[in-house]
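Read off the chains here:
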Amino acid sequence: MPVYMDHSATTALSEHALREMLPYFREEYGNPSAIYSLGQTAKNVLEKSRQRIAKFIGALPTEVFFTSGGTESDNWAIRGVCQRRRDKGRHIISTAMEHNAVLRTLQQMEEDGFEVTYLLPDHLGRISPEQLEEAIRPDTVLISVMMANNVVGTVLNIKELAKVAKRHRVLFHTDAVQAVGHIPVNAHELGVDLLSLSAHKFNGPKGVGALYCRIPNPLPPLLTGGGQEKGMRSGTENIPGIVGMAAALEDAVSSLQDNTEYLKRLQDRMISGVLEIPGVRLTGDPENRLPGFCSFVVEGIPHSVYVVNEMNERGFCISSGSACSAASREASHVLLALGYEKHEAGASIRITLGTDNTEQDVEDALAALRASVQKARTESPSMAF
Ligand SMILES: Cc1ncc(COP(=O)(O)O)c(C=O)c1O
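Criteria and thresholds
- Residues numbered from 1 in each chain as written.
- Predicted model: local features only at pLDDT ≥ 70, side-chain atom pairs only at ≥ 80, totals over all residues.
- Heavy atoms only, no water.
- Helix = DSSP H or I, 4+ residues; strand = E, 2+ residues; numbered from the N terminus.
- Rg over C-alpha atoms; globule rule 2.2 N^0.38 Å.
- Buried < 20%, exposed > 50% of the residue type's maximum accessible area, 1.4 Å probe, protein only.
- Contact = heavy atoms within 4.5 Å.
- Areas by Shrake-Rupley, 256 points an atom, 1.4 Å probe, with all protein chains shown as cover.
- Lys, Arg positive; Asp, Glu negative; His and termini not counted.
- Charge placed at Lys NZ, Arg CZ, Asp CG, Glu CD.
- Pairing = 2+ DSSP bridges.
- Axes fitted to C-alpha atoms, helices over the stretch in contact; angles between N-to-C directions.
- Patch = residues over 30% accessible without salt bridge, like charges linked within 9 Å, V, L, I, M, F, W, Y side chains within 5 Å.
- Salt bridge = Lys/Arg side-chain N within 4 Å of Asp/Glu carboxyl O.
- Near = heavy atom within 4 Å.
- Polar contact = N/O pair within 3.5 Å; in protein donor to acceptor, adjacent residues only side chain to side chain.
- pLDDT = per-residue confidence, 0-100.
- 1 Å grid on protein atoms, 1.4 Å probe; cavity = no way out; pocket = protein on both sides within 12 Å on 5 of 7 lines; lining within 4 Å.
- Points joined across faces, edges and corners; volume = space filled by probe spheres on them.
- Nonpolar A, V, L, I, M, F, W, Y, C, P; charged D, E, K, R; others polar.
- Domains from an automatic or database assignment.
- Core = buried A, V, L, I, M, F, W, Y, C linked by side-chain atoms within 4.5 Å.
- Phe/Tyr/Trp six-rings, centres within 6.5 Å; stacked < 30°, edge-to-face > 60°.

**Details of the overall build of the protein**
Right, so step 1: Counting secondary structure elements, the protein contains 14 helices and twelve strands.
Right, so step 2: Here the C-alpha atoms of the protein give a radius of gyration of 21 Å, agreeing with the 21 Å that 2.2 N^0.38 yields for 385 residues.
Right, so step 3: Each principal axis of the C-alpha atoms in the protein carries an extent, and together these give about 65 × 55 × 35 Å.
Right, so step 4: Taken across its 385 residues, the protein has 56% of its residues classed as buried.
Right, so step 5: In the protein, 73% of the contacts between residues at least 6 apart in sequence involve partners at least 24 apart.
Right, so step 6: Carbon together with sulfur atoms contributes 51% to the accessible area of the protein, which is approximately 16600 Å² in total.
Right, so step 7: Of the charged side chains in the protein, 38 are positive and 46 negative, and the gap between their average positions amounts to 4 Å.

**Brief notes about the sheet that holds strand β12 (residues 348–352)**
Right, so step 1: With antiparallel pairing, the three strands of this open sheet are ordered in space as β9-β10-β12. Each edge of the open sheet is held by one strand with a lone partner, namely β9 (280–282) and β12. When strand polarity is set aside, the average angle formed by the axes of neighbouring strands in this sheet is 30 degrees.
Right, so step 2: As paired strands, strand β10 (residues 293–298) and β12 are joined by five bridges and run antiparallel to one another. In the strand pairing of β12, Cys294 is matched with Ile351.

**Some points on the sheet that holds strand β4 (residues 115–119)**
Right, so step 1: As summarised here, the arrangement of the seven strands in space is β2-β8-β7-β6-β5-β3-β4, forming an open sheet in which the pairing is mixed. Either end of the sheet is taken by a strand with one partner, and the two such strands are β2 (64–67) and β4. Recorded for the sheet is a direction-independent mean angle of 20 degrees between the axes of neighbouring strands.
Right, so step 2: Here strand β3 (residues 91–95) pairs with strand β5 (residues 140–144) via three bridges, running parallel. Its bridge partner being in β5, Ile93 is matched across the sheet by Ile143.
Right, so step 3: Against the sheet, helix α4 (residues 70–85) makes contact with β2, β3, β5, β6 (171–175), β7 (194–198) and β8 (209–213), and its axis sits at roughly 160 degrees relative to β7, the strand it touches most.
Right, so step 4: On the sheet, helix α5 (residues 100–111) packs against β3, β4, β5 and β6 and is oriented at approximately 145 degrees with respect to β4.

**Remarks on a nonpolar patch on the surface**
Right, so step 1: A cluster of nonpolar side chains, Leu13, Leu18, Leu22 and Phe25, forms an exposed patch at the surface whose accessible area comes to about 340 Å².
Right, so step 2: As for its position among the elements, Leu22 is in the loop between α1 (15–21) and α2 (23–26).

**Structural notes on the site of the ligand**
Right, so step 1: Inspection of the region around the ligand gives 13 residues, with Thr71, Asp175, Gln178, Ser198 and Lys201 positioned closest.
Right, so step 2: Side-chain polar atom of Ser198 to an oxygen atom of the ligand: 2.6 Å apart, as the coordinates give it.
Right, so step 3: Between the ligand and Lys201, the relevant distance is 2.6 Å, taken from an oxygen atom to a side-chain nitrogen or oxygen of the residue.
Right, so step 4: Look at the ligand: alone it shows 390 Å² of surface, and the protein chains cover 85% of it.
Right, so step 5: Considering every element that reaches the shell around the ligand, the biggest residue donor is α4, with three residues.

**Structural notes on the confidence of the model for the protein**
Right, so step 1: Per-residue confidence for the protein gives a mean pLDDT of 95; residues scoring 70 or more make up 97%.
Right, so step 2: The model gives residues 322–326 a pLDDT under 50, and that stretch makes nine contacts with residues more than four places away or in other chains.

**A closer look at unusual backbone geometry**
Right, so step 1: Residue Asn203 is not a glycine yet carries a positive backbone phi of 65 degrees.
Right, so step 2: Inspection of the secondary structure puts Asn203 in the loop between β7 and β8.
Right, so step 3: A residue is classified by how much of its surface remains accessible, and Asn203, at 32% relative accessible area, is partly exposed.
Right, so step 4: One non-glycine residue, Glu229, adopts positive backbone phi at about 50 degrees.
Right, so step 5: If you trace the backbone, Glu229 turns up in the loop between β8 and α9 (239–254).

**Structural notes on the layout of surface pockets**
Right, so step 1: Within this model, the largest pocket holds a volume of roughly 650 Å³.
Right, so step 2: Lining the largest pocket are 34 residues; nearest its centre among them are His7, Thr11, Asn203, Gly354 and Thr355.
Right, so step 3: Within the residue set of the lining of the largest pocket, elements represented by two or more residues are β1 (3–4), α9 and α10 (256–275).
Right, so step 4: For the lining of the largest pocket, a count of residues per class yields 14 nonpolar, 16 polar and four charged.
Right, so step 5: Counting only domains with at least three residues in the lining of the largest pocket, you end up with domain 1 (15–253) and domain 2 (256–379).

**A closer look at the nonpolar core**
Right, so step 1: One finds Ile143, Ile158, Phe172, Val180, Leu195, Phe202 and Met245 to be the most contacted residues of the largest nonpolar core, which totals 67 residues.
Right, so step 2: Top contributing element to this core by residue count: α9, with nine residues.
Right, so step 3: Not counting residues within four places of it along the chain, the set of residues in contact with Phe172 comprises Leu132, Ile143, Val145, Ile158, Leu161, Ala162, Ala165, Val192, Asp193 and Leu194.
Right, so step 4: With 29 residues, the next largest nonpolar core counts Val280, Val362, Ala368 and Ala376 among its residues.

**Concerning the packing of aromatic side chains**
Right, so step 1: Going through the model one piece at a time under the given rule, you end up with one aromatic pair.
Right, so step 2: Between Phe65 and Trp76, the ring centres sit 5.9 Å apart and the planes meet at 75 degrees, which makes this aromatic pair edge-to-face. Within this pair, whereas Phe65 is found in strand β2, its partner Trp76 is found in helix α4, the two being separated by eleven residues in sequence. With respect to class, Phe65 is no different from Trp76; both count as buried.

Take a look at the structure:
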């Protein structure tokens, strides 16, 4: 088995989540809309899961809508607000370092007549409240800023940014897909109107997530049909997935402090070890970053895939910038937004540690990385270091 160090791409399903999910595949498989008891059992566990999830993200159960994951939640939040508010204004504010689930949706909104201001983060991936305030216009209807970045791990000050939005009565959405289960997230305390989360980032199953929606006149329905999710998102609910998400989130939240301490220790060792390799620099905010998140620019290589492949040969799963662009050779749009040169943005690696990693794994990965960087530098074409 390879040593998995790409936990911000996805995580393994926890034993607890699997155990809770299993009965809902073959024994308690009823449709929650059915009135006989098999259906009602499913309905009960659906609402119980909603209550559990709401509690863990500081929300009311009525504010939680289940989706197929982070991408769907982001799409729904943005499209929904634009559809509902287009008569009030056609200006959106976001950042140039969002996940493509947000960026590509915003591009579609632009094609549909909206104007988008993309705030440029500073070199560490931060957005200031002043910067946001300056961009707000009378016709701004939505602000969408991620809570934690998936390429450099910077954690943003969403509470302060949401305060600015509130002062100007603009709806605020945050993509908290990388944050939920890894740092404290309380929707009410943050003061956001919409928040996206995804189960597979915190040891839950893939293909299930949620959208927190505080606004009283909610979004238009995402999917129309049988009227599930209070008519907002039709389709028979993914009961095993939703149960698994609740179980995984319970574990993540209840062990958050212990996990954070452990991951910070591994992270410190990993970062200091990697920075001993000449020509390697840390990316993102050294202080406010996700626990276990290590990201670097490696000089002297044409592209990060050379290092990622070398690490793979040595039995380690790490990623190049971001999983969704791993197959392409494009430079990371996030690093470009942070002010890195194109060749640097193409040579970024991301090592994201999880609680299944040990101190020995980190030492072994460091040795493998030293060898991999050296090999990539000597064997890859051009780019002498
Ligand atoms: C910040 C961020 N937003 C959204 C997504 C998409 O989530 P999902 O894979 O659940 O669709 C990801 C996944 O990598 C992410 O990192």
